[in-house]
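The chain contents come next:
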Amino acid sequence: MTPEPRAHDGHEWIYVLSGRMRLVLADQDWVLEAGEVAEFDTQVPHWFGSTGQEPAEILSIFGRPGEKMSVRTTSPQE
């Protein structure tokens, strides 16, 4: 597959659960394996997908600009 990097506002975190995936970030090209993580500003042109050799399973978390993480300070039972 030929990567077509795109850019947009936000921030992304990717964790490879199994297999291998390809990540193109600006002029850099990586292959990430299970247990590896990538974190980047999505204003940098990027693309990710299969290495074409086997399936990969990933966890991708996308944060929109200006969003803040919410941390629970009490147990749900309280």
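Placed above this text is the structure.
Parameters at a glance
- Residues numbered from 1 in each chain as written.
- Predicted model: local features only at pLDDT ≥ 70, side-chain atom pairs only at ≥ 80, totals over all residues.
- Heavy atoms only, no water.
- Pairing = 2+ DSSP bridges.
- Helix = DSSP H or I, 4+ residues; strand = E, 2+ residues; numbered from the N terminus.
- Axes fitted to C-alpha atoms, helices over the stretch in contact; angles between N-to-C directions.
- Patch = residues over 30% accessible without salt bridge, like charges linked within 9 Å, V, L, I, M, F, W, Y side chains within 5 Å.
- Areas by Shrake-Rupley, 256 points an atom, 1.4 Å probe, with all protein chains shown as cover.
- Salt bridge = Lys/Arg side-chain N within 4 Å of Asp/Glu carboxyl O.
- Buried < 20%, exposed > 50% of the residue type's maximum accessible area, 1.4 Å probe, protein only.

Asks: Teacher, can you tell me more about the sheet that holds strand β6 (residues 57-63) here?
Replies: Strands belonging to one sheet form pairs held by backbone hydrogen bonds; the direction of such a pair is parallel or antiparallel. Across the sheet, which stays open at both edges, the three strands sit in the order β4-β1-β6 with antiparallel pairing between neighbours. Each edge of the open sheet is held by one strand with a lone partner, namely β4 (37-41) and β6. Put simply, the sheet's adjacent strands are angled 15° from each other on average, direction ignored. Bridge analysis of strand β1 (residues 11-18) against β4 gives five bridges, and the strand direction is antiparallel. Directly across from I14, in β4, lies its bridge partner A38.

Asks: Whenever I open this one, a nonpolar patch on the surface confuses me. Can you help?
Replies: Together, W13, Y15, L17, V37, L59 and I61 line one region of the surface with nonpolar side chains, adding up to about 560 Å² of accessible area. If one sorts the elements of the nonpolar patch by residue count, β1 sits on top with three residues. Structurally, the position occupied by L17 is in strand β1. In this structure L17 comes out as partly exposed when scored by relative accessible area, which is 43%.

Asks: Explain unusual backbone geometry to me, please; I cannot follow it from the model alone.
Replies: Working note: non-glycine residues mostly have negative phi, and peptide bonds are mostly trans. You will see that A26, though not glycine, has its phi angle at about 60°, which is positive. Here A26 is to be found in the loop between β2 (20-25) and β3 (28-33).

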